[in-house]
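Next come the chains, spelled out residue by residue.
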Amino acid sequence: MIFSEKFPLPLQITWLLGTLIMVILMNQAWHYIKQQEILQLQRQSQLISNEIAANLDTLSNAVANTVTLFNTTDYVYADDFRLFVNNITQKKFIRTFSYLPKVIQSEKHAFESKQRHDFGYFDFVIKNYLTSTPINTSPSHYFPLLYIEPYTVRNSRLLGKDLLSLPHLNNSIDNAIKSNQTVFTPAIKQLDGKHYPLVLKAIYRGRDTPPDQSSRQTRINGLIAASFDPQHLFSHSLAKNIALQLSIHNNSSSNDEIHLLSIPFSIPRNTHFIQTTLALKTHLPSSQYKITLLLNKRLIWRDINSWPFWIALISGLLGCLLLHTLVAFSLKNHLELKRRNQEIKQQVNQQTQKLKLLYQQAQRTQQELQQAKEGAEKANRLKSEFLANMSHEIRTPMNGILGMTDLALDTPLNSQQKEYLDTVKSSAQSLLSLLNNILDLSKIEAGKMKLDHSVFALRHSMTEALKPFSLIGQEKHLQLKMEIEDSVPDTLCGDPNRLCQIIINLINNALKFTEQGTVGLSINTVKKTGNSSVNSNLVCLHFCIYDTGIGISTTQQQLIFGSFSQADGSTTRRYGGTGLGLSICRKLLKLMQGKIWLESQLGQGSEFHFELNFETVDQRLLKEYNTQEIHIPKNLKLNILLAEDTDINQKVATRILCKQGHQVTIAENGQQAIQLWKKGNFDLILMDMQMPLIDGLEATQNIRAAEQDQHIPILAMTANAMQGDEERCLAAGMDGYISKPVSAKKLLDMVSIYYCYQAEQKKPQ
């Protein structure tokens, strides 16, 4: 009764209803909090998985791009490798980036010796990865670690370690070679004692990708390996009470699982927890890997937002008095929370869509850059091939024209016939000069022009450069002068050939545009400014080529240094020329870190000035660079084998050599040259590069391999005159190189010099 009096039935019913509502609301609040935590965990999982996927894609693309670098370059040095992967290794999750060439057993000692003596790895040896001891067994091949970035004192201890010495990596290496895909490996122990997985991709010989597994195994040239720390694949901080588990499964075998990262977590008793699992979507080229991300979060009261519980409690107490008001308030609050949740979800979706669009845009940009890079490389390759073919195809008939003209001029002729043949020879030489200028210009623009660095005598070089112009000066009644200041040192170090090329081009122009008066060359030193102790062994020389010719107007002076340009069209019609000479001079001087300028007035002559720095050298050292004097006997008669597949070139070379008294045997291809060499007793071989069946390079290699004690001089006489052709001939075992078209004097001199030099080498010391 007391209870009934203090708490009437309506109040009791209201209290019971309030308590029931409070329990219901508290239960709903708990489910709401749990649902919110699950949504938040899923959003956080999505952000982390997106970052992991992006980083794995970056790592895969970086490995693929590095493989492309090796496929498009003849040889990648350590500095090139370091420069290329410098930005890549700045990524926090990438620990090392390495290059491992394939070394077969027969080349093991030569490879180790080359790294020790040529590249400065003084204690380099191929060794076991785990024990760091030299490998005593004799496998068919190795994959030693040659380059590693970042290159530190600790990482340098990994050099020479053979990746094949780790048995649990053999399947991954074999899979990378056969599939031509990016492959994950099981974790291996690093120098810091931790275990990290690797990403491998194969490098094949040649520019094209092998089409099948057999050719890939045959043409494997090496591996690119990148180790990464899975714990740094994402930068987001995990919230409290969240445990992360990242794993990569290899689906090619049910028992083969590569477990990259596992962060253990424990859930106390009577503790609620929520869990979400996501499969990462990446652009990895191989489809045999399944990447999963597992997040777990414990629901602890102090770590969650518990305000809905207090609202439920207060609402239940107040429900005894204001049931209808509490219900209305709870409904309104519930709707507000739902609206806010919907807004948050929409904002998250919008941001996710923006991130997806940015990611897709970045992928398209990367594809466009890759396509542009491939297009530029293809265009550059086609340009080089076109120039090489053009040079070869023009030089081959040019050799016949000049050779036959020289032979005809050496026969009894009347004055009119001699005039005609002199004109043919002059025109052919002009065409050859134009070809050489075009090739020089293309080499400079392609960045393939290499400068020499040798000791030479300045005054002797200048005298030799001006000799051919003395006859032209006499014919035009011009005075040709050379003035060199006494203070100019004579023994210098630089590129004398390119210097003479610049002088010859400028003198030739001066003679061409001067009808009377003087053409001259003056050289003097440029006084140093500032601290004279800096680079005291350098001297700056000022060259001036002046004339009393037609001069150049001020408006036209800005044009003449451009390619294929002259002062005006009438100049070309009257004096001839292509306008390449001054452009080549300007580009050569820029390459030699010099400068050129012009001073001229119309009708009062011109002065071309340029300045260059040279190293001064003790004159006594010049003797070390002089060619060894070779005694050439008179009436030298040799038995010569001529390997040449073009009829006209056979006739030219045969008649030049036979006229000198030599005996010539012709081989029309490399295979026939090898057979004739084995049968005959020849003193010297003239070898063309491009021939059917077997070319000149392969024929030379076969002859050198079959030689025993007797070494026969082999000279390349070829129309291949591009950058690197001479080096290829010498690398194949040839003793000398002559580019077509070749004059009779040059051919006879080269044959005599190389034969006599070889004879001098055979004499006992």
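Everything numeric in this text was worked out from a predicted model, so none of it was measured.

About the criteria used
- Residues numbered from 1 in each chain as written.
- Predicted model: local features only at pLDDT ≥ 70, side-chain atom pairs only at ≥ 80, totals over all residues.
- Heavy atoms only, no water.
- Helix = DSSP H or I, 4+ residues; strand = E, 2+ residues; numbered from the N terminus.
- Buried < 20%, exposed > 50% of the residue type's maximum accessible area, 1.4 Å probe, protein only.
- Contact = heavy atoms within 4.5 Å.
- Pairing = 2+ DSSP bridges.
- Right-handed = clockwise from strand over helix to strand, strands pointing away.
- Phe/Tyr/Trp six-rings, centres within 6.5 Å; stacked < 30°, edge-to-face > 60°.
- Lys NZ or Arg CZ within 6 Å of the ring centre and 35° of its normal.
- Salt bridge = Lys/Arg side-chain N within 4 Å of Asp/Glu carboxyl O.
- Core = buried A, V, L, I, M, F, W, Y, C linked by side-chain atoms within 4.5 Å.
- Axes fitted to C-alpha atoms, helices over the stretch in contact; angles between N-to-C directions.
- Parallel < 35°, antiparallel > 145°, perpendicular 65-115°, else oblique.
- Left-handed = near helix turned anticlockwise from the far one by under 90°.
- Nonpolar A, V, L, I, M, F, W, Y, C, P; charged D, E, K, R; others polar.
- Expected span 1.5 Å × (residues − 1).
- Polar contact = N/O pair within 3.5 Å; in protein donor to acceptor, adjacent residues only side chain to side chain.
- Arc of directions from axis to C-beta.
- pLDDT = per-residue confidence, 0-100.

### Here's the deal with the overall build of the protein
Here is step 1: Looking only at helices and strands, one finds 20 helices and 27 strands in the protein.
Here is step 2: For the protein, with 765 residues in total, the buried portion stands at 42%.
Here is step 3: Here the analysis covers contacts within the protein between residues at least 6 apart in sequence; of these, 70% occur between residues at least 24 apart.

### Details of the pairing of strand E25 (residues 684-687)
Here is step 1: Burial along E25 is two-sided: the residues Leu 684 and Leu 686 and Ile 685 and Met 687 are all buried.
Here is step 2: Summarising the sheet, strand E23 (residues 639-643) and E25 pair through four bridges and their orientation is parallel. Note that in E25 the partner of Ala 643 across the bridge is Met 687.
Here is step 3: In the sheet, E25 pairs with strand E26 (residues 714-718) via three bridges, with the strands oriented parallel. When the bridges of E26 are listed, Leu 686 appears paired with Leu 715.
Here is step 4: Once the chain exits E25 it traverses helix H18 (residues 696-706) before rejoining the sheet at E26, and the crossover so formed is right-handed.

### Considerations on the packing of aromatic side chains
Here is step 1: Considering all chains together, one arrives at nine aromatic pairs under this definition.
Here is step 2: Between Phe 81 and Tyr 147 the ring centres are 5.6 Å apart and the planes differ by 45°, which places this aromatic pair in the tilted class. Taken together, the residues Phe 81 in helix H3 (residues 78-85) and Tyr 147 in strand E5 (residues 147-149) connect sequence positions 66 residues apart. Neither Phe 81 nor Tyr 147 differs from the other in exposure class; each is buried.
Here is step 3: An angle of 70° between the planes, with centres 6.1 Å apart, marks the rings of Phe 456 and Phe 614 as edge-to-face. Of the two residues, Phe 456 sits in strand E16 (residues 454-457) while Phe 614 sits in strand E22 (residues 606-616), which places them 158 residues apart along the sequence.
Here is step 4: An aromatic cluster is built from Phe 70, Phe 81, Tyr 99 and Tyr 147, whose rings are joined through pairwise contacts.
Here is step 5: Its guanidinium or amino end placed over the ring of Tyr 129, Lys 161 lies 5.2 Å from that ring's centre, counting from NZ or CZ.

### Quick word on the pattern of salt bridges
Here is step 1: Summed over the entire model, instances satisfying the criterion amount to eleven salt bridges.
Here is step 2: Between Asp 79 and Arg 82 there is a salt bridge, and its shortest N-O distance comes to 2.9 Å. With Asp 79 and Arg 82 both in helix H3 and three residues apart, this pair spans about one turn of that helix.
Here is step 3: By relative accessible area, which is 32% here, Arg 82 ends up partly exposed.

### Quick look at the nonpolar core
Here is step 1: By size, the foremost hydrophobic cluster in this structure holds 55 residues, and its most contacted members are Phe 81, Phe 97, Leu 163 and Ile 224.
Here is step 2: Where this core is concerned, the elements lending two or more residues are helix H2 (9-71), H3, strand E1 (94-101), E5, helix H5 (170-179), strand E7 (183-184), strand E10 (198-204) and strand E11 (220-228).
Here is step 3: In terms of residue count, the dominant contributor to this core is H2 (nine residues).
Here is step 4: Judged by nonpolar contacts, the second largest core, of 40 residues, contains Phe 456, Phe 469, Met 592 and Phe 608.

### Thoughts on the sheet that holds E11
Here is step 1: The strand order E5-E1-E11-E10-E7 describes an open sheet built from five strands, whose pairing is antiparallel. Looking at the sheet topology across the chains shown, the edges are occupied by E5 and E7.
Here is step 2: Relative to E11, E1 is paired through seven bridges, and the arrangement is antiparallel. Opposite Phe 97, over in E11, you have Ala 226 as the bridge partner.
Here is step 3: Sheet contacts for H3: E1, E5 and E11; angle to E5, the most-contacted strand, approximately 30°.
Here is step 4: Docked against the sheet, H5 engages E7, E10 and E11, running at close to 45° with respect to E10.

### As for unusual backbone geometry
Here is step 1: In this structure, Pro 150 follows Glu 149 across a cis peptide bond, with omega equal to -5°.
Here is step 2: Along the polypeptide, Pro 150 turns up in the loop between E5 and strand E6 (161-162).
Here is step 3: Of note in this structure, His 477 is not a glycine but carries a positive phi near 60°.
Here is step 4: Secondary-structure assignment places His 477 in the loop between helix H11 (469-475) and strand E17 (478-484).
Here is step 5: By relative accessible area, His 477 is classed as exposed at 70%.

### Quick look at the packing of helix H17 (residues 670-679) against H18
Here is step 1: For the pair H17 and H18, interaxial distance at closest approach is 9 Å and the crossing angle is 25°. One way to sum up the angle between H17 and H18 is to call them roughly parallel. Here H17 runs over H18; the crossing is right-handed. Side by side, H17 and H18 meet where Gly 670, Ile 674 and Trp 677 of the first sit next to Ala 699, Asn 702, Ile 703 and Ala 706 of the second.
Here is step 2: Looking at side-chain class alone, the contact of H17 with H18 contains five nonpolar, two polar and no charged residues.

### A word on the sheet that holds strand E24 (residues 663-667)
Here is step 1: With parallel pairing, the five strands of this open sheet are ordered in space as E24-E23-E25-E26-E27. With partners counted over all chains shown, the strands left at the sheet margins are E24 and strand E27 (736-739), one partner each. Neighbour-to-neighbour, the strand axes of this sheet turn through a mean angle of 20°, independent of strand direction.
Here is step 2: Set on the sheet, H17 makes contact with E23, E24 and E25; between it and E24 the angle comes to about 135°.
Here is step 3: Sitting on the sheet, H18 is in contact with E25 and E26, with an inclination near 155° to E25.

### A short note on helix H12 (residues 496-512)
Here is step 1: Counted at 1.5 Å a residue, the expected span for H12 with its 17 residues is 24 Å, and the 24 Å between its end C-alpha atoms agrees.
Here is step 2: Where H12 begins, the capping side chain belongs to Asp 495, and its oxygen is found 3.3 Å from the backbone nitrogen of Asn 497.

### Side note on the side chain of Ser 165
Here is step 1: By secondary structure assignment, the location of Ser 165 is in the loop between E6 and H5.
Here is step 2: Looking at Ser 165, its side chain comes within polar contact range of the main-chain oxygen of Asp 162, at 2.5 Å.
Here is step 3: Those residues within four positions of Ser 165 in sequence are excluded, and the remaining contacts are Lys 127, Asn 128 and Tyr 129.

### Considering H17
Here is step 1: Every buried residue of H17 is accounted for by Gly 670, Ala 673, Ile 674 and Trp 677. For H17, the angular spread of the buried residues around the axis is 100°, confining them to a single face.
Here is step 2: Near the N-terminus of H17, the side chain that reaches the backbone nitrogen of Gln 671, with its oxygen 3.1 Å away, is that of Asn 669.

### Quick word on the confidence of the model for the protein
Here is step 1: Across the protein, pLDDT averages 77, with 72% of residues at or above 70.
Here is step 2: The least confident element of the protein is helix H1 (residues 2-6), whose mean pLDDT is 46; the most confident is strand E2 (residues 103-104), at 93.
Here is step 3: Here residues 263-271 is a poorly scored stretch, pLDDT under 50, and it has eleven contacts once near neighbours within four places are set aside; other chains count.
Here is step 4: In this model residues 568-573 is a low-confidence stretch, pLDDT under 50, and it forms five contacts with partners more than four residues away in sequence or in other chains.

### Let's talk about the environment of Ile 224
Here is step 1: Considering the arrangement of structural elements, one finds Ile 224 in strand E11.
Here is step 2: On a C-alpha basis, the gap between Ile 224 and Leu 198 in space is 9.9 Å, while along the polypeptide they are 26 residues apart.
Here is step 3: Beyond its immediate stretch of four places on either side in the chain, Ile 224 contacts Val 63, Thr 66, Val 67, Phe 70, Phe 81, Phe 97, Ser 98, Tyr 99, Val 199, Leu 200, Lys 201 and Ile 203.

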